[in-house]
Amino acid sequence: MAAYKPVVVQACPKLGERITQDTLYWRGYKTPVQIKEFGAVNKIDFSPVPPYNYAVTASSRVSGFSEVFMLLFFSWYHTRRCNALFFCQIHIYGRYSQEPIKTFSRFRDVAYCATYRDDGRLLVAGSEDGSICLFDVSGKATLRQFKGRTKPVHVVGFLSDKYRVFSGGDDYSSNLWDIPTAKEIISYNEHTDYVRCGCASKVNADVFITGSYDHTVKLFDARTKSSVMTIEHGHPVESVLLFPSGGLLVSAGGRYVKVWDVLKGGQLLVSLKNHHKTVTCLCLNSSGQRLLSGSLDRHVKIYSTTSYKVVHSFNYATSILSLALSPEDETIVVGMTNGVLNVKHRKPEEKIENSQKKRQPAYRTYVKGRTYMPKQEDFCVSKPVKRVLRKYDKLLRSFQSSKALDAVMEPPIMLHTPEVTVAVMQELHRRGTLKSALAGRDEKQVNLLLTFVARRVIEPRFTPVLVTVADMITDIYQPVVGQSEIVDKQFLKLQQAIGKEIDYQEELLEVLGMMDTLFATFTKKRDTCLEENKSNGVTQIIETNRNY
């Protein structure tokens with residue numbers, strides 16, 4: 001009896017992942033470190049000076065505590081009546097520390113948007129009660145407190161002159177404050193909804209920008225009493241970013257990231273729609289050649305600022321609220337809705353040691369004898385190779401056709417290696433047992449078969465086999481059509497898939513006919529040119545550079 005030959009699975013070439021310089025660069029980060037905060041992380045900001053510590057703003061409210069407990073807990077805050085507990089702190093982390101090296105907790109309500117000054121010596125933050133606090137990074141006391149707003153202040157930042165602070169909040173206003181006097185310089189009330197993001201120009205000390213839920217981005221100049229430019233984003237604006245040159249502005253809102261030319265009056269340059277949910281944060285790398293965007297769809301997309309195409313992406317566990325990149329691009333920190341900080345550090349470059357290593361055996365030592373060709377008088381002893389059969393091969397060897405088909409109809413095999421399923425079907429058809437293997441199945445199994453066939457029948461490598469399978473399934477289960485709604489839907493999907501493929505084939509044949517006509521025309525014109533250039537019985541072939 002001849003030995004059983006395993007089923008030959010057709011091998012098809014697969015397109016490998018395109019490896020670029022960006023792919024290698026952004027993969028050069030270590031496994032992330034997870035740090036748990038006490039609430040959703042709404043802002044991450046790196047200090048612009050070494051050692052590049054970063055401030056994390058996260059706040060949470062936990063209700064349900066008794067009034068007596070709250071009075072005891074907040075007695076040092078001089079609070080007499082409370083109904084909720086706030087965790088309102090700003091943590092300063094070292095670049096490699098997993099515990100805060102400093103904490104600012106001088107808030108009586110939720111804190112927002114802790115931002116460093118350009119020299120890294122001061123930190124400013126807004127709060128839910130409308131006040132703005134200014135801190136000295138080397139101490140813990142509040143240096144200044146800017147009051148005058150009654151609604152939450154969600155965005156704060158320093159102007160580039162280092163002596164003024166801008167803010168925006170839920171009272172629809174954008175304000176400018178003086179640090180030495182702690183007084184408001186000017187207030188702009190041009191937005192018609194919450195102001196939730198902003199940034200300052202590094203080129204002009206009087207210019208700052210705010211974005212609002214009224215779908216607009218406004219550019220203000222402290223020397224004027226009104227905004228100097230209004231840009232319509234089209235969706236509630238979650239984040240704005242100004243390039244270091246001051247000429248390009250990036251706004252994020254909804255699923256869109258849009259780039260505007262400020263020098264041309266706010267002209268739209270490009271609109272990017274690579275996220276599936278709302279984009280919440282933006283960031284530039286140190287060179288300004290890569291733009292990063294984080295979204296509620298759990299992805300961070302990295303764009304080239306020359307072509308504005310996605311060059312790489314990161315995937316995270318939950319929705320992303322904040323994102324920051326260290327000034328030297330050495331650390332990426334992402335804040336998420338579940339209060340987790342995800343910190344990635346770049347791998348250090350491997351240094352080539354000059355010390356001489358122990359000499360290893362030469363390569364020829366390991367391959368010695370492998371290419372030796374036996375002579376005629378040599379006696380060769382071959383080691384028997386034990387062949388391991390897969391489950392479907394064992395079932396086919398014992399002529400269990402239905403069970404062999406069941407073995408390759410498991411979802412993991414159909415999804416990831418459909419060529420195995422098709423190869424077994426082809427083998428059963430060659431043996432003449434495919435029809436019996438397909439018959440006698442219940443509603444769930446028929447639904448699984450039809451789903452697979454409808455999905456894969458349009459692939460050219462599977463079409464010859466699956467068309468035969470579809471014909472057999474239709475012949476076998478035609479009498480039961482109309483008895484199961486699920487099976488009927490799958491038959492309709494199969495019909496639609498085959499109908500679309502036939503339409504595509506007809507269109508391709510039409511295109512092929514047009515191309516044949518064009519090629520025939522070119523051939524006739526070339527033959528005419530050759531006949532016209534005959535002289536004295538000698539054919540002179542003249543190359544022409546005509547473009548037809």
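Residues numbered from 1 in each chain as written. Predicted model: local features only at pLDDT ≥ 70, side-chain atom pairs only at ≥ 80, totals over all residues. Heavy atoms only, no water.

Q: So what exactly am I meant to see when it comes to the packing of helix α7 (residues 418-431) against helix α9 (residues 443-456) here?
A: In a pair of packed helices, the angle between the axes and the distance between the axes together describe the arrangement. Axis separation between α7 and α9 bottoms out at 12 Å; the angle between their running directions is 110°. Relative to α9, the element α7 lies roughly perpendicular. Note on element contacts: α9 touches α7 through L449, F452 and R456, opposite P418, T421, V422 and M425. Partitioning the contact of α7 with α9 into residue classes produces five nonpolar, one polar and one charged. (Axes fitted to C-alpha atoms, helices over the stretch in contact; angles between N-to-C directions. Helix = DSSP H or I, 4+ residues; strand = E, 2+ residues; numbered from the N terminus. Parallel < 35°, antiparallel > 145°, perpendicular 65-115°, else oblique. Contact = heavy atoms within 4.5 Å. Nonpolar A, V, L, I, M, F, W, Y, C, P; charged D, E, K, R; others polar.)

Q: Would you mind going over the pattern of salt bridges with me for this structure?
A: Pairing of side chains with opposite charge becomes possible as their charged atoms draw close. Per the stated rule, a full pass over the model turns up 17 salt bridges. In this structure, E459 engages R461 in a salt bridge whose closest nitrogen and oxygen atoms are separated by 3.3 Å. Salt bridges linked by common partners bring D161, R164, D206, D221 and R223 together as one network. (Salt bridge = Lys/Arg side-chain N within 4 Å of Asp/Glu carboxyl O.)

Q: Whenever I open this one, the environment of Q483 confuses me. Can you help?
A: Mapped onto the elements, Q483 comes out in the loop between α10 (463-477) and α11 (485-532). Separated by 40 residues in sequence, Q483 and E443 have C-alpha atoms that sit 9.9 Å apart.

Q: I'm lost on a nonpolar patch on the surface in this one. Help?
A: The grouping of V511, M515, L518, F519 and F522 at the surface amounts to a nonpolar patch, some 450 Å² of accessible area in total. Following the sequence through the fold, V511 ends up in helix α11. Exposure remark for V511: the relative accessible area of 43% places this residue in the partly exposed category. (Patch = residues over 30% accessible without salt bridge, like charges linked within 9 Å, V, L, I, M, F, W, Y side chains within 5 Å. Areas by Shrake-Rupley, 256 points an atom, 1.4 Å probe, with all protein chains shown as cover. Buried < 20%, exposed > 50% of the residue type's maximum accessible area, 1.4 Å probe, protein only.)

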